[in-house]
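Below, each chain spelled out in residue letters.
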Amino acid sequence: MVNKKFGWWFLAPTLVLFIVFLLIPIADSLTLIFTSVRGSVSEFVGLGNFKRILDDPVFWSSLKNSFLFLIIQVPIMIFAAVILATMLNSKLLKGKTFYRLAIFLPCVTSLVAYSILFKMLFSEDGLVNKFLMNILGVISEPILWLQDPFWAKVVIIIALLWRWTGYNMLFFLAGLQNISEEVYEAATIDGANVLQKFRFITLPLLRPVVLFTVIQSTISTIQLFDEPMNLTMGGPANSTMTVSMYIYKLGFKYLPNFGYAAAVSYVVMIIILILSIIQMRAAKEK
């Protein structure tokens, strides 16, 4: 009994922080969603915040942008991560440690530093435009990457791929190293080629890892904030604003309304929950 009480003293600081900074704010947000809070004035509006969401064009635009990044970026990233992990797991490749570090390094790079770098690369007189114009000759005039709604989305997708592909690659690499070589040797004896091994052995055995990375990437992309905030500030004309950025601006930049911001955040939470359940059930059925 004495040992158990002693253990609780070690857990106490973590539990206090958990309650103060997580449980209490969650409980407080549950009351906020039914109120309109402007400054120090709080007014009960019932389901008014949720009715407002239905008629809010900026919310739907930001949600559409978030889903656009999800639909385009996540499949490309997962596919690239699987291919890279398969290549780096090959016994024929030399210098694996260097390549693994080089591909993973963007994940731990300072967000501000790499945002500045991307702004320089994709500026009107940046290296990318000079390369496309002077070396490849595929364009005759500079592309306004960060000022055009379409190209601004492209830059953000490229930034996300550059930063997070290596992170997901590590999960697939760990999964590949847990697959017995005897399985591949048996397939070789049966006459399977490289593509057949990848399709009928590697991918099925990596299914749990694929499910984990897809769900994790879905949650992260729906909550995307850092890249569009630092690269485009949601512009031009809100064309790259994500729903997380909109929640932030509702609470801290526009005329602050914490009640409406809380209601939007709960709608996003429900969307993420539904997507996660659909993905888990789809994977379970297969």
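Residues numbered from 1 in each chain as written. Predicted model: local features only at pLDDT ≥ 70, side-chain atom pairs only at ≥ 80, totals over all residues. Heavy atoms only, no water.

Chemist: Explain the overall build of the protein chain to me, please; I cannot follow it from the model alone.
Modeler: For the protein chain, the helix and strand inventory stands at 13 helices and two strands. The C-alpha extent of the protein chain, read off along each of the three principal axes, is 75 × 75 × 40 Å. Expressed as a percentage of its 286 residues, the buried residues of the protein chain come to 36%. Counting contacts in the protein chain only where the partners sit at least 6 residues apart, residues at least 24 apart contribute 65% of the total. Here the protein chain has roughly 17400 Å² of accessible surface; of this, 71% comes from carbon and sulfur atoms. Charge centroids of the protein chain, computed over 22 positive and 15 negative side chains, lie 6 Å from each other. (Helix = DSSP H or I, 4+ residues; strand = E, 2+ residues; numbered from the N terminus. Buried < 20%, exposed > 50% of the residue type's maximum accessible area, 1.4 Å probe, protein only. Contact = heavy atoms within 4.5 Å. Areas by Shrake-Rupley, 256 points an atom, 1.4 Å probe, with all protein chains shown as cover. Lys, Arg positive; Asp, Glu negative; His and termini not counted. Charge placed at Lys NZ, Arg CZ, Asp CG, Glu CD.)

Chemist: Just checking my understanding: could you explain the environment of V210 for this structure?
Modeler: Among the secondary structure elements, V210 is positioned in helix α10 (residues 207-222). For V210, a relative accessible area of 25% gives the class partly exposed. Residues V210 and V108 lie 102 residues apart in sequence; the distance between their C-alpha atoms is 22 Å.

Chemist: How do you make sense of the packing of aromatic side chains when you look at a structure like this?
Modeler: For any pair of aromatic rings, the description rests on two quantities: the centre-to-centre distance and the angle between the ring planes. Overall, the coordinates contain 15 aromatic pairs when judged by the stated rule. On the basis of an interplanar angle of 80° and a centroid distance of 5.2 Å, the ring pair of Y167 and F171 is categorised as edge-to-face. One end of the pair is Y167 and the other is F171, both in helix α7 (residues 149-177) and four residues apart, which spans about a single turn. Between Y248 and F252, the ring centres sit 5.7 Å apart and the planes meet at 35°, which makes this aromatic pair tilted. Remark: F252 and Y248 occur in helix α12 (residues 243-252); sequence separation between them is four residues, near one turn of the helix. One aromatic cluster in this structure is built from Y114, F118, F122, W145, F150, W151 and W162. (Phe/Tyr/Trp six-rings, centres within 6.5 Å; stacked < 30°, edge-to-face > 60°.)

Chemist: Help me understand helix α9 (residues 194-205) in this model?
Modeler: Three- or four-residue spacings in an α-helix give side chains the same orientation, since the helix completes a turn every 3.6 residues. With twelve residues, α9 extends 16 Å between its outermost C-alpha atoms, agreeing within 8% with the 16 Å of an ideal straight helix rising 1.5 Å per residue. Residues of α9 that are buried include every one of K197, F198, I201 and T202, and no others. For α9, the angular spread of buried residues about the axis comes to 125°, placing them on one side. For α9, the exposed residues lying more than 90 degrees away from the buried face are L195, R199 and F200. Buried residues belonging to α9 abut α3 (57-88), α7 and α8 (181-189). For α9, the side-chain oxygen to backbone nitrogen distance between the N-cap and L195 is 3.2 Å, and the N-cap itself is N193. (Expected span 1.5 Å × (residues − 1). Arc of directions from axis to C-beta. Polar contact = N/O pair within 3.5 Å; in protein donor to acceptor, adjacent residues only side chain to side chain.)

Chemist: Looking at this structure, I do not really get unusual backbone geometry. What am I missing?
Modeler: Note the cis peptide between G235 and P236, where omega equals -5°. Position of P236 among the secondary structure elements: in the loop between α11 (226-231) and α12. Here M233, not a glycine, exhibits a phi torsion of approximately 55°, which is positive. Residue placement: M233 occurs in the loop between α11 and α12. When its relative accessible area of 44% is taken as the criterion, M233 is described as partly exposed. A positive phi angle is found at N238, which is not glycine, with a value near 65°. Residue position: N238 is located in the loop between α11 and α12.

Chemist: Got a minute to help me understand the packing of α3 against α7 in this structure?
Modeler: The angle between the axes and the distance between the axes are what describe a pair of packed helices. Two numbers describe how α3 lies on α7: the axes approach to 7 Å, and their chain directions differ by 40°. In terms of their interaxial angle, α3 and α7 are classed as oblique. Along this stretch, α3 crosses α7, giving a crossing that reads as right-handed. Residue classes in the contact of α3 with α7 are distributed as 21 nonpolar, five polar and one charged. (Axes fitted to C-alpha atoms, helices over the stretch in contact; angles between N-to-C directions. Parallel < 35°, antiparallel > 145°, perpendicular 65-115°, else oblique. Left-handed = near helix turned anticlockwise from the far one by under 90°. Nonpolar A, V, L, I, M, F, W, Y, C, P; charged D, E, K, R; others polar.)

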